[in-house]
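Spelled out from the first residue to the last, the chains are:
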Amino acid sequence: MKIVGHIEIHNRSLSSLNIPGKGRSQWSSLAIGKQPGTEAELFIVHQSAQNKLGTKYKVKKNIEQIFTRFVNEGKATIRFKYPPHDICIKCDSLQLKPFLQTLKLGLEETVPTKTLKLSNITCTSKVPPIPKTKLVVLSKAAYPALEGFPRTLQILKINYAEQKRFDTKILRLQKLKVLDLSHNDLTSLPEELGTLSLDCLCLSHNKFGETPAQDPRWNWISGFRLAKSLEVLDLSHNELKLLPKQISKLKKLVILKIERNQLSQLPPGLGNLSNLRSLVCGHNRLCYLPGSIKRLHLDSIDLASNSFESVINMRNANNLGVPSLVECAARKVINCRYVLNALVIGVEHFRFSKD
């Protein structure tokens, strides 16, 4: 069996001599198997671009310990007695777990010999290239219309590409974490986008304002995976008049950018975003904020250049559930018992003066 990932060789004998024995992590491969023509010796072969023939490590009675505490994160370390090397592995956990299981079965000699021959694994073949995790497209001419997108992408930025429709090939990128579609001509997104586990979604400088907030084309926001993972949402510069109510479904949202739109109000469910820490909604037409915003624990809020009116001049202010600053101050005084303390001090002062 063969796996590919970031492999680091640590020479413990050099560390004991106060010489740095930690090698540099390399994109390389590990293969486990037996030498052709033999039945006894089981080896692990480390192969890199610099060492195409590979380095062989005997397995039987030569493994001191295997560290698998972080195997679910795709990390493990195999410690050999001779040579005194630690092989630190970082790769896809879906590769690593079967590899370690095969190693275990090989040590127990419960795996058929034919399946563990190194000749079958072709350990002398070239190491596959490092998978591409980031792609940036900055023009319509550079858009990969024919070749598509690598399935290993984690960051995808498509800017100034004059995109009017969402490319459904993006939905195949199940490892995608950051999607930036800013500076295009998009008006809506498919509902299937909610199946991606994105951390950051940038949609600024588009035309999403052409899609009404009540339109079902906003249902991608409440997708079962996206709603549980999205932390940053940027909808600035979109001529939005209203925010869709589905925004309140983004329970993990930390940063919400909606500045430079035409928003006259914010959805009442905004206060349900318990993890929200930064709200940027300057340069809109807001006249008031929803009462639910009092439940938020914000670190920063930008409300510059809006159309806020005085609460005294708003006829329906009481219906909005938003108290005035005077009322907020009065409530704080009562809650902290400042009035009671002042009365006690006043009484003591009166007694002292009378005496």
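Check the entry above for the structure.
Owing to the predicted nature of the structure, the values given are computational and were not obtained by experimental measurement. (Residues numbered from 1 in each chain as written. Predicted model: local features only at pLDDT ≥ 70, side-chain atom pairs only at ≥ 80, totals over all residues. Heavy atoms only, no water.)

Caption draft 1: Spotlight on unusual backbone geometry. The omega torsion across Tyr82 and Pro83 is -10 degrees, close enough to zero to call that bond cis. Turning to its location among the elements, Pro83 is positioned in the loop between strand S6 (75-80) and strand S7 (85-90). Positive phi is not limited to glycine here, since Tyr160 has a value of about 55 degrees. Along the chain, the position of Tyr160 falls in the loop between strand S9 (155-158) and strand S10 (178-180). Phi at Ser305 is positive, roughly 55 degrees, even though this residue is not glycine. Looking at where Ser305 falls in the secondary structure, it is placed in the loop between strand S15 (300-302) and helix H5 (317-320). (Helix = DSSP H or I, 4+ residues; strand = E, 2+ residues; numbered from the N terminus.)

Caption draft 2: The sheet that holds strand S2 (residues 26-34), seen in detail. Strand order in the open sheet formed by seven strands is S4-S3-S2-S1-S7-S6-S5, with antiparallel pairing between adjacent strands. Each end of this open sheet is capped by a strand with a single partner; those strands are strand S4 (55-58) and strand S5 (63-67). Each strand of the sheet is rotated relative to its neighbour by a mean of 30 degrees, with strand direction disregarded. Bridging between strand S1 (residues 2-11) and S2 involves six bridges; their strand directions are antiparallel. Each residue of the ladder has a partner; that of Ile3, found in S2, is Leu30. (Pairing = 2+ DSSP bridges. Axes fitted to C-alpha atoms, helices over the stretch in contact; angles between N-to-C directions.)

Caption draft 3: Local environment of a nonpolar patch on the surface. Together, Val136, Leu138 and Tyr160 line one region of the surface with nonpolar side chains, adding up to about 310 Å² of accessible area. Looking at where Val136 falls in the secondary structure, it is placed in strand S8 (residues 134-137). By relative accessible area, Val136 is classed as partly exposed at 41%. (Patch = residues over 30% accessible without salt bridge, like charges linked within 9 Å, V, L, I, M, F, W, Y side chains within 5 Å. Areas by Shrake-Rupley, 256 points an atom, 1.4 Å probe, with all protein chains shown as cover. Salt bridge = Lys/Arg side-chain N within 4 Å of Asp/Glu carboxyl O. Buried < 20%, exposed > 50% of the residue type's maximum accessible area, 1.4 Å probe, protein only.)

Caption draft 4: The arrangement of the pairing of strand S3 (residues 42-47) in detail. For S3, a buried count of six out of six residues is recorded, marking the element as mostly surrounded by other parts of the structure. Side-chain alternation along S3 places Leu42, Ile44 and His46 on one buried face and Phe43, Val45 and Gln47 on a second face that is also buried. Looking at chain direction, S3 and S4 are connected through four bridges and run antiparallel. What sits directly across from His46, in S4, is Thr55.

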